[in-house]
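# Coordinate analysis (summary)
Residues per chain, in single letters:
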Amino acid sequence: MFTRVEKYSRQSVIDAAELLKAGKLVAIPTETVYGLAANALNEKAVADIFLAKGRPQDNPLIVHISDMSMLPPLVCEIPDIAKRLAERFWPGPLTMIFPKADIIPNVTSGGLDTVAVRMPESEAARAIIKECGFPLAAPSANLSGKPSPTAAAHVFGDMNGKIPLIVDGGECSVGVESTVVCFKGDMIHILRPGGITAEMLSEYGKVEIDKAVTAQPEKDEKVLSPGMKYKHYSPKADVYIVNAHGDKFAEYCAERVKSDKKVIVLGSGVSENGVYFDYGKTPELQAQRLFALLRKADEIGAETVLVEMPEQSGVGLAVYNRLLRAAAFRIIEV
Ligand code: TXA
Ligand code: MG
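Described below are features of the structure shown in this document. (Residues numbered from 1 in each chain as written. Chains lettered and ligands numbered in written order. Predicted model: local features only at pLDDT ≥ 70, side-chain atom pairs only at ≥ 80, totals over all residues. Heavy atoms only, no water.)

## Examining the overall build of the protein chain
Here is the rule: A helix here means a DSSP run of H or I that spans at least four residues, while a strand means a run of E at least two residues long, and both kinds are numbered starting from the N terminus. In this treatment the radius of gyration is a C-alpha quantity, and the globule benchmark scales as 2.2 Å times the residue count to the 0.38 power. A simple rule labels every residue: compare its accessible area, found with a 1.4 Å probe on the protein chains alone, to the largest value its type can have, and call it buried under 20%, exposed over 50%, or partly exposed in between. Any two residues whose heavy atoms approach within 4.5 Å at even a single point are treated as in contact. Each accessible area is a Shrake-Rupley result for a 1.4 Å probe, and residues are judged covered by the shown protein chains and nothing else. Within this scheme the basic residues Lys and Arg register as positive and the acidic residues Asp and Glu register as negative, but His and the chain ends are omitted. Charge positions come from single atoms, namely NZ of Lys, CZ of Arg, CG of Asp or CD of Glu.
A tally of helices and strands in the protein chain yields 10 helices and 16 strands. Taken over the C-alpha trace, the protein chain has a radius of gyration of 20 Å; the compact-globule value for 334 residues is 20 Å, and the two agree within 12%. Taking all 334 residues of the protein chain together, the buried fraction comes to 56%. For the protein chain, the proportion of contacts with a sequence separation of at least 24, taken over those separated by at least 6, is 67%. Here the protein chain has roughly 14300 Å² of accessible surface; of this, 51% comes from carbon and sulfur atoms. The average position of the 38 basic charges and that of the 42 acidic charges among the side chains of the protein chain differ by 4 Å.

## Focus on the pairing of strand 8 (residues 165–168)
Quick reminder of the rule: Pairs of strands are assigned from DSSP output, requiring at least two bridges between the strands.
Residue alternation in strand 8 divides its side chains into two sets, Leu-165 and Val-167 and Ile-166 and Asp-168, and both sets are buried. When strand 1 (residues 4–7) meets strand 8, the two strands line up parallel, connected through 4 bridges. Note on strand 8: the bridge partner recorded for Glu-6 is Val-167. For strand 2 (residues 26–28) and strand 8, the ladder comprises 2 bridges, and the chain directions are parallel. Bridge pairing in strand 8 links Val-26 to Leu-165.

## Concerning the packing of helix 9 (residues 283–299) against helix 10 (residues 316–326)
The criterion, for reference: Comment: axis = line fitted to C-alpha atoms, over the contacting stretch for helices; angle = value between 0 and 180 degrees taken between N-to-C directions. We call two directions roughly parallel when the angle between them is under 35 degrees, roughly antiparallel when it is over 145, roughly perpendicular when it lies between 65 and 115, and oblique otherwise. Take the far helix as the reference: if the near one is turned anticlockwise from it by less than a right angle, the crossing is left-handed, and if turned clockwise, right-handed. Just so you know the grouping, Ala, Val, Leu, Ile, Met, Phe, Trp, Tyr, Cys and Pro go in nonpolar, Asp, Glu, Lys and Arg go in charged, and all remaining residues, Gly too, go in polar.
In the contact formed by helix 9 and helix 10, the axes pass within 8 Å of each other and the chain directions differ by 25°. As far as their axial angle goes, helix 10 and helix 9 are roughly parallel. For the element pair helix 9 and helix 10, the recorded crossing hand is left-handed. Between helix 9 and helix 10, the contacting residues are Pro-283, Gln-286, Ala-287, Leu-290, Phe-291 and Leu-294 on the first element and Gly-316, Val-319, Arg-322, Leu-323 and Ala-326 on the second. Across the contact of helix 9 with helix 10, the residue classes break down as 8 nonpolar, 2 polar and 1 charged.

## Describing the side chain of Thr-108
Heads up, the condition is: Identification of polar contacts relies on pairs of N or O atoms within 3.5 Å, with a donor-acceptor requirement for protein atoms, meaning one able to donate a hydrogen and the other able to accept it, and with residues adjacent in sequence counted only if both atoms are side-chain atoms.
Relative to the elements of secondary structure, Thr-108 occurs in helix 4 (residues 106–109). Polar contacts involving the side chain of Thr-108 include one to the main-chain carbonyl oxygen of Ala-40, which spans 2.9 Å. Aside from chain neighbours lying at most four places away, what touches Thr-108 is Ala-40, Val-46, Pro-60, Leu-61, Val-63 and Ala-137.

## Here we look at the sheet that holds strand 11 (residues 207–209)
The strands making up a sheet are joined through hydrogen bonds of the backbone, oriented either antiparallel or parallel. Read across the open sheet, the 11 strands follow the order 1-8-2-3-7-4-6-5-9-10-11; overall the sheet is mixed. Whereas interior strands pair on both sides, the edge strands pair on one side only; in this sheet they are strand 1 and strand 11. Bridge count between strand 3 (residues 35–39) and strand 7 (residues 136–137): 2 bridges; the pairing is antiparallel. Considered in strand 7, the bridge of Asn-39 is made with Leu-136. Against the sheet, helix 2 (residues 43–53) engages strand 3 and strand 7, with an angle of about 155° to strand 3.

## With respect to the side chain of Arg-322
On the secondary structure map, Arg-322 appears in helix 10. Excluding its chain neighbours within four sequence positions, the residues that come into contact with Arg-322 are Val-176, Glu-177, Ser-178, Arg-192, Pro-193, Gly-194, Tyr-233, Leu-290 and Phe-291.

## Focus: the pairing of strand 9 (residues 179–184)
Where burial is concerned, most of strand 9 is hidden: 5 out of the 6 residues are buried. Alignment of strand 5 (residues 94–99) against strand 9, held across 3 bridges, turns out to be parallel. Across the sheet, Leu-94 pairs through a bridge with Thr-179, a residue of strand 9. Counting the residues between successive antiparallel strands, the hairpin from strand 9 to strand 10 (residues 187–192) contains 2 residues, one of them, Gly-185, with a positive phi of roughly 65°.

## What about the pattern of salt bridges?
Under the convention used in this document: Whenever Lys or Arg places a side-chain nitrogen within 4 Å of a carboxyl oxygen from Asp or Glu, that contact is recorded as a salt bridge.
Summed over the entire model, instances satisfying the criterion amount to 15 salt bridges. Asp-15 serves as the salt-bridge partner of Arg-4, at 3.9 Å between the closest nitrogen and oxygen. With a gap of 11 residues between them, Arg-4 in strand 1 and Asp-15 in helix 1 (residues 10–21) connect regions that are remote in the sequence. For Arg-4, a relative accessible area of 33% gives the class partly exposed. The buried category is assigned to Asp-15, whose relative accessible area is 16%.

## Considering helix 3 (residues 80–89)
To be explicit about the condition: The arc under discussion is defined with respect to the helix axis, by the directions toward the C-beta atoms.
Every buried residue of helix 3 is listed here: Ile-81, Ala-82, Leu-85, Ala-86 and Phe-89. On an axial view of helix 3, the arc spanned by its buried residues comes to 135°, and they lie on one face. Pointing more than 90 degrees away from the buried face of helix 3 are the exposed residues Asp-80 and Glu-87. Those residues of helix 3 that are buried are in contact with strand 5, strand 9, strand 10 and helix 7 (198–201).

## Considering unusual backbone geometry
In this model, Trp-90 is joined to Pro-91 through a cis peptide bond whose omega is -10°. Within the secondary structure, Pro-91 sits in the loop between helix 3 and strand 5. Unusually for a residue other than glycine, Ala-328 sits at a positive phi of about 45°. Position of Ala-328 relative to the elements: it lies in the loop between helix 10 and strand 16 (331–333). Of note, the phi angle at Phe-329 is positive, near 65°, even though the residue is not glycine. Along the chain, the position of Phe-329 falls in the loop between helix 10 and strand 16.

This is the structure we're talking about:
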């Protein structure tokens, strides 16, 4: 199959909707990462997403809507806390879990009786959903296990020949996937941290962070969010988090770089020289750059990637959560 890449425009929205209406897959830009979209209510189309990504069948997909009127038919109940969060954070990088209505096929919800829904902030994503008139199931548009794509070129690298169209909306502004929450009464339970932070959510209720966000699940442990149990975001290189900053970090990395040619370093605010890469001084910049830098590591044939420990608050918690998985939980204490 030939994979076309079209810049976001009125015409590409129409082209994308035409393919999606015919049950095909289209990669679409969102503010978080690119999504591999299909009609969420079309079982066959959704099954094709799992095939294209090589994704485990029990890992449910997020259903994307373009306005509030699309939500009630998809769910059995909308808790008050969800209404308040939707009012404040939608459109935006927040996904909420609801009891699912029968209209959601089991393949979309990974066999669960709940469904994850989000209204993306990206104008391109919402224009495509609106043109379709149905909700879109869309996981990140990477091959399963690889870093999520934050640019159309990343999607092309993983999906060339597998899908007919990629809509290119430029680089993603957030850079890590949406925050995923479920509710326990009035308690907001964070299953996956993202651009909408625990601090922001705590203005609306008591917030609890799932232990799987920072801890490695035991082998057969049941996790609330199935995505948490899989190896993720990994380049071919071995990634290590280095728990040091400033001179200590610089000295440790300098030693490693000196003794091994295939080592690269991602440090906040370092000057770039083909071995050292700047992954930004703020958690927001680190979120934007992390996945692209992990892909870069593969491009240049690195075997080891040393990454400076990020902050663990605000958007930094999302960066830390993705890095832990990319690094298979390996942390070097200096
Ligand atoms: O920002 C995003 O959320 C991106 C863009 C494309 O919208 N999408 C995305 O989808 O990250 P994906 O499939 O890569 O991640 C979905 C996450 C997984 O960890 C999955 O297990 C969890 O959401 N999830 C989906 N439905 C769920 C449900 N009913 N209950 C618990 N977790 C769920
Ligand atoms: Mg993903």
